[in-house]
Amino acid sequence: MKEKFIKSSIILIIGGFITKILGIVNKIVMTRIVSVESMGLYMLILPTFSLFINLACFGFPTAISKLIAEDDRNNKKLIFSVIPFCMLINIFLILVIILFAPFLANNLLKEPRVYYAIIAIALVIPFTSISAILRSYFFGRERMIPHVVSNIIEDIVRLLLIVIGLPLFVATTEYAVLYLVLCNIVSELASILILFLFLPKGFTLKKSDIIPSRLYLKDSLNIGFPTTINRLIGSFTYFLEPIILTNILLYVGYSKGYIITEYGIISGYVMPIIMLPSFFSNAISQALLPIVSKNYKRGNYKYTKKVIKQAIFISLAIGVCFTILFVLAPNVILKLIYNTTEGALYLKYFAPICLLQYIVSPLCLSLDAMGKSKDNLLITLVTSIVRTVLLPICALFKVGIWCLIISVSINIVVDAVMCIKKVKNALNR
């Protein structure tokens, strides 16, 4: 069991490292082709994109991984019980996006140029949902290579699309942002095709396999619904962030140009670098989910606690190494990756706080694996309220974009402390 966990972790870490490098290359190429203003607009709609993706998936990937890991169900029937319901949710969301896109662009984000990009989100979410569900099957079976290969192919396809197609649209800001969103359709489709190739050679479907089961759907919803509400709260908070930030900073006297540029620097340059070590903790967390699900259900609490501690220690150790680099040489790192030193001060002071963020991922997934999704929901609710309330308060003190850094930092501390407490309570048996 231990060897399988370590093997899965290593595969996901190596795969995560490759995809993270490809992601950085994608970001470098993107930032060097488009203007800072285009990057700012793209980052402005990312919270909206994230919100609808989480709604479209409806927590089913986590639910399927957990249920398949428990190994007491017909996995094919489980998948085909979930997909039709998930597609109905996607159709509903597509209609919502089309209807409310003008309001989102003009009234909430106050940027008419992102209208077409928001419409494009409606076209992307079905592909993202199917891809996430297929990946969750392989996670539950503890087969990590399909996930790694599909992610790598997805990033390579996206990179090629950016290099070949983006220069054709760069002259018009709104079309450049639209193209960046639409690239996700082709890249997700490539990922789905790769995942199909990893199905067993003797894979067959019987009529009984594709008939949806109400019981399986109910089991999935029992896990997926609180997970969805949890992510919805987090995504909605992220969605509100640029809206609150834009309106309050405009109110206290900052220009729209300043807001878009500085928000683009933090979201497009600083945050991706800060989250660079997270691919280690995310990889470890993904390997952790099936292991914790199995052992916690069977009452192996001692081993469960040991594996979670190992995951936290490794995530924190790696995070410390990166944080030292971020604090001592922020200009060098930004120049090397993005060919700019914009955001160096933000990176230097924000990095130490984000050390705690690196342990949140394994803690949260452990709670899901132990069937404590409601605890995750409570944590997200509390931290989202803290972040949303602090952001406008800090902005009113006229500290510029630092209001975002302050509110996110306090949010991270509260999040980590609550996660640690909930995991301890779940394992004290």
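Attention in this report is confined to the structure presented alongside it. (Residues numbered from 1 in each chain as written. Predicted model: local features only at pLDDT ≥ 70, side-chain atom pairs only at ≥ 80, totals over all residues. Heavy atoms only, no water.)

Structural notes on empty space enclosed by the protein
Working step 1: Applying the stated criterion across every chain, the model contains 4 cavities of 30 Å³ or more.
Working step 2: Empty space within the second largest cavity amounts to approximately 50 Å³.
Working step 3: What lines the second largest cavity is simply L44, L109, K110, E111, T246, K256, I259 and I260.
Working step 4: Looking at side-chain class alone, the lining of the second largest cavity contains 4 nonpolar, 1 polar and 3 charged residues. (1 Å grid on protein atoms, 1.4 Å probe; cavity = no way out; pocket = protein on both sides within 12 Å on 5 of 7 lines; lining within 4 Å. Points joined across faces, edges and corners; volume = space filled by probe spheres on them. Nonpolar A, V, L, I, M, F, W, Y, C, P; charged D, E, K, R; others polar.)

Brief notes about the packing of helix α12 (residues 301–328) against helix α15 (residues 357–369)
Working step 1: Closest axis-to-axis distance for the α12/α15 pair is 7 Å, and the angle between their directions is 160°. Compared by their axis directions, α12 and α15 come out roughly antiparallel. Once α12 is placed against α15, the crossing between them reads as right-handed. Every residue of α15 that contacts α12 at I308, A311, I312, S315, L316, G319, T323 and F326 is listed here: Y358, I359, P362, L363 and S366.
Working step 2: The class makeup of the residues in the contact of α12 with α15 is 9 nonpolar, 4 polar and no charged. (Axes fitted to C-alpha atoms, helices over the stretch in contact; angles between N-to-C directions. Helix = DSSP H or I, 4+ residues; strand = E, 2+ residues; numbered from the N terminus. Parallel < 35°, antiparallel > 145°, perpendicular 65-115°, else oblique. Left-handed = near helix turned anticlockwise from the far one by under 90°. Contact = heavy atoms within 4.5 Å.)

Re the pattern of salt bridges
Working step 1: By the definition in use, this model includes 5 salt bridges.
Working step 2: We note a salt bridge from R158 to E154, for which the minimum N-O separation is 2.9 Å. A residue pair is termed a helical-turn pair when its members lie 3 or 4 positions apart in one helix, as R158 and E154 do in helix α6 (residues 145–165) at 4 residues.
Working step 3: Classification of R158 as buried rests on a relative accessible area of 16%.
Working step 4: R387 is the partner of E241 in a salt bridge, and the nearest nitrogen-oxygen pair spans 2.3 Å. You can see E241 sitting in helix α9 (residues 214–251) and its partner R387 sitting in helix α16 (residues 373–395), a full 146 residues away along the chain.
Working step 5: The class for E241 is buried, based on a relative accessible area of 5%. (Salt bridge = Lys/Arg side-chain N within 4 Å of Asp/Glu carboxyl O. Buried < 20%, exposed > 50% of the residue type's maximum accessible area, 1.4 Å probe, protein only.)

A word on helix α11 (residues 278–297)
Working step 1: With 20 residues, α11 should cover 28 Å at 1.5 Å per step; its first-to-last C-alpha distance of 28 Å lies within 8% of that length.
Working step 2: Along its length, α11 shows its largest kink, about 35°, at L288, and proline P290 lies within four residues downstream of that point.
Working step 3: Taking burial as the measure, the 20 residues of α11 include 17 buried ones, the bulk of the element.
Working step 4: The positive-phi residue at the C-terminal boundary of α11 is G299, with phi of around 85°. (Expected span 1.5 Å × (residues − 1). Bend = angle between axes of the 7 residues up to and from the residue.)

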